Each structure stands twice: as structure tokens, then as C-alpha cells.
Amino acid sequence: MTAEPLAETARILVADGRGLLAMDESNGTCDKRFAAEGIPASVEARRSYRELLIAAPGLRTSISGAILYDETIRQASGNGIKFVKLLNDAGIMPGIKVDTGAKPLALHDGEMVTEGLDGLRTRLREYRELGARFAKWRAVITLRDGMPTRACLDANAHALARYAALCQEVDLVPIVEPEVLMDGDHTLEQCRDVTEETLRSVFSQLAIQGVLLEGMILKPNMVLPGLGCPIQESVDVVAAATVRSLRRVVPAAVPGIAFLSGGQSGGLASARLNQMNVIANDAGSRLPWRLTFSFARAIQVPALAIWRGNPANAGAAQLALVHRANCNLAALSATYSAAMESQLKMPLAAAA
Ligand code: 13P
């Protein structure tokens, strides 16, 4: 591990006022999202879609890094240029999802543990050679009666810390993603308590494994009521609760916090991130880390719905993608407003 380059990579990813594009859906998840839009699944469909995302004009203004999937990091554009090269040429750092998915946790019905540690050292070396500069591992925490259990929190925190240490060994910046799911009818207060407990476990395990905090990025959920909760708090309440929880548990040495969107609409995710940066910019409440985004759905959803597998729609889909990315860019400087949502100028053909 070389501390300086790790810290510098982490800093570049979060500290220059841009965010990350998560485009690391596994083949199964990507195919499921394609199916919802009536797009037939194939290697070529996934490749074309990822090329559309990477080649979107102006994406570099808002995006510092793109998280790829195993299939994608090996792919190239239609005219044969490796995606990794396209990203580097655009000033966007390539990263890679390295977990192999959440699997049922033995003896704990309904809970999951993320797998992928076996053989990870070898895979990380290969990804480094393929051009990845950072990695991602997502743990999934379910909030329901009696859940999460201590067994679930400990198993996931331990795996996240082992993954992060293996990444730093080969100078890859680990994105550490413990996601408390939005599914359920829990309250914001319940999400707050579980999020804080989860993050406490994660940072305890990171310390035990010797992970360099300056050379990692945290990717948490926002503190939100469950999707089925009858009380849905305002943007201001969500932003304040999220910032308060993070202050309680995230060490100041961590350079940046890049939120996942977790199924929030694009507009809400931007508005909540914006309000957190309002708090961060307040001289009386300065935060030690940068607050940015690492969204998949909250950036990609409109683009996929426009594209629908039709090459004629690619340009309009790219406009929609860059628009969502720019809304989130504005949220980083606390200048996002709902009015931005109507500023997307679509070519007439795209409306068809
Ligand atoms: P969402 O923003 O769609 O939650 O995805 C982020 C991510 O990387 C999930 O692992």
C-alpha cells in the first residue's frame, strides 16, 4: 500500500466538485432493468448502452469516476476503443464493482451477506492491470422486525473491511458501501438508528483491518423513512438527519461521502443532496468530508427509458443522462432547484 497515491486518488474522486456514475449493474440486474423497458437482453445490448453512457458529451463536467462491471471493463466502443481508454481520455476515472453479490446469511432468515472475498486478491490485480483505479463493494442491510441482527452487521462489516484492505494492498481506492435498504415501512428514526449502528460496526472493522481512512470513500444510504412509511419527512428533515448521523460516526479523516440513491427519484435525490450541501456550506456547521453522489438509478433512469434499445434515441438519452448528472453537480454547490428539472432541451425526435 502506498498512502499518498491512494489518498490522492480518493481526493480526486470526491474533492474537485464532481461525483460518481455507478454503471456497475451485474448482468442480471441490467437485464432486469432492460426487460422493464422492453429491451431484449444481450451482451451487445449491454455494451451499446454502456457506450452511450460513457460517450455522453459533457459528462466529464459532473462525473469524476465511473464504476464498471466485470463484463464492461473488458468491453470497447463500436469502433474498437476500450471503455477504460474512453473514460481516461475524458478525464473520468474507471472503477470496478468487485463483490459477487448479496447471498442469504446462514441461520438468519431474510438477511443477506455480501460475498466475493475468495480469490479477490487475484481479481484485484487483474482489474488494476485492466485500468481500474478504485473499487466498490456493496453490503445490504434489511430493516424489519428484529433485523438487522448483530450477526448480519458483523458479517457484512467484516467483509467490507477485508475487501477494503485487499484493495489498498494493490493501491485501489475502496468505496465502502453499507446500504440500509429503503424497502419497508420503518420510520426515519429507525433508519437513523440502524444506519448509525451499521456505520459504527463498519468503521470499527476498518480500524481492526488497518484500512487507511484517507484512502477510501464511504458510500452510504441517506437517512430516510421506508418507502411504505406513512410519514415521509421533508427534504430539510431528511438532509439534517443524514448529516447529523454521519457527523456522529464517520471519522474526519475520510475524504468524502458519496451517497447511493437506493431507489429515490432523481429529483428527490438531487434535492436532498443539495440541502445537505446547504448545511455543509453554513459557516457554523462545516463538515470534515465532501458530500457527493455515486448514483446509478437516480442518474440513469430517464436515459434508459428514452433509449429503449433504439440507436436513434441514443443522443436524446445522452442529453437526459447529462441533465441528471448536472442536477447533481448543482446539488454539490447547493445551487440545485426544482426549476432545473424543466430545463432539459430535447430534440423533437426524442419525444417520439
Ligand atoms: P443506486 O444509486 O441505484 O442505489 O445504485 C448505487 C449503487 O452503486 C448500488 O450498489
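Coordinates for the structure precede this section.
Residues numbered from 1 in each chain as written. Predicted model: local features only at pLDDT ≥ 70, side-chain atom pairs only at ≥ 80, totals over all residues. Heavy atoms only, no water.

Enquirer: In this structure, what is going on with the overall build of the protein? I would like to understand it.
Expert: Within the protein one finds 13 helices and ten strands. A globule of 352 residues ought to have a C-alpha radius of gyration of about 20 Å, and the protein, at 19 Å, matches this closely. By principal-axis analysis of the C-alpha atoms, the protein measures approximately 50 × 45 × 40 Å. Burial analysis of the protein (352 residues in total) assigns 54% to the buried set. Restricting the contact set of the protein to residue pairs at least 6 apart, pairs at least 24 apart contribute 79%. With an accessible surface of roughly 14,000 Å², the protein has 55% of that area assigned to carbon and sulfur atoms. (Helix = DSSP H or I, 4+ residues; strand = E, 2+ residues; numbered from the N terminus. Rg over C-alpha atoms; globule rule 2.2 N^0.38 Å. Buried < 20%, exposed > 50% of the residue type's maximum accessible area, 1.4 Å probe, protein only. Contact = heavy atoms within 4.5 Å. Areas by Shrake-Rupley, 256 points an atom, 1.4 Å probe, with all protein chains shown as cover.)

Enquirer: Honestly, the pattern of salt bridges in this entry has me stumped. Any pointers?
Expert: By the definition in use, this model includes 23 salt bridges. Between E44 and R47 there is a salt bridge; the shortest N-O distance is 2.9 Å. With E44 and R47 both in helix α3 (residues 43–54), this residue pair falls three residues apart, about one helical turn. Across the pair E196 and R248 runs a salt bridge whose closest N-O atoms are separated by 2.9 Å. Here R248 lies in helix α9 (residues 235–249) and E196 lies in helix α8 (residues 188–208), a separation of 52 residues in the sequence. With relative accessibility at 6%, the residue E196 sits in the buried group. (Salt bridge = Lys/Arg side-chain N within 4 Å of Asp/Glu carboxyl O.)

Enquirer: Would you explain the pairing of strand β1 (residues 19–22) in this entry?
Expert: If a strand is regular, its side chains alternate between the two faces of the sheet. Looking at chain direction, β1 and strand β2 (residues 63–68) are connected through four bridges and run parallel. Across the sheet, the residue bridging to G19 is I63, located in β2. Taken together, the two bridges between β1 and strand β10 (residues 290–295) define a ladder with parallel strand orientation. When the sheet's bridge partners are listed, L20 is paired in β10 with S294. (Pairing = 2+ DSSP bridges.)

Enquirer: Any chance you could explain the site of the ligand here in plain terms?
Expert: The full set of residues close to the ligand is A22, K136, R138, E177, K219, L260, S261, G262, S294, F295, A296 and R297. Between the ligand and R297, the relevant distance is 2.7 Å, taken from an oxygen atom to a side-chain nitrogen or oxygen of the residue. For the ligand, whose accessible area on its own is 300 Å², the fraction buried by protein is 93%. Of all the elements in the fold, those that place two or more residues in the shell around the ligand are β6 (134–141) and β10. Considering only residue class, the shell around the ligand consists of four nonpolar, three polar and five charged. (Near = heavy atom within 4 Å. Polar contact = N/O pair within 3.5 Å; in protein donor to acceptor, adjacent residues only side chain to side chain. Nonpolar A, V, L, I, M, F, W, Y, C, P; charged D, E, K, R; others polar.)

Enquirer: Explain the sheet that holds strand β3 (residues 93–97) to me, please; I cannot follow it from the model alone.
Expert: In sheet architecture, strand pairing relies on hydrogen bonds along the backbone and comes in two forms, parallel and antiparallel. An order of β1-β2-β3-β6-β7-β8-β9-β10 is seen for the eight strands of this closed barrel, with the pairing classed as parallel. The pairing of β3 with β6 spans three bridges and is classified as parallel. Note that in β6 the partner of I96 across the bridge is A135. On top of the sheet, helix α7 (residues 150–169) reaches β6 and β7 (173–180); it is set at about 180° to β6, its chief contact. Taken strand by strand, helix α12 (residues 314–332) contacts β1, β2 and β10, and its axis lies near 165° from that of β10. (Axes fitted to C-alpha atoms, helices over the stretch in contact; angles between N-to-C directions.)

Enquirer: Help me understand the nonpolar core in this model?
Expert: In summary, soluble globular proteins display a tendency toward joint burial of nonpolar side chains. Counting 116 residues, the largest nonpolar core has L59, V98, Y163, L206, V250, F259 and F295 as the members making the most contacts within it. Beyond its immediate sequence surroundings of up to four residues, L206 is in contact with A161, A164, V176, V211 and M216. (Core = buried A, V, L, I, M, F, W, Y, C linked by side-chain atoms within 4.5 Å.)

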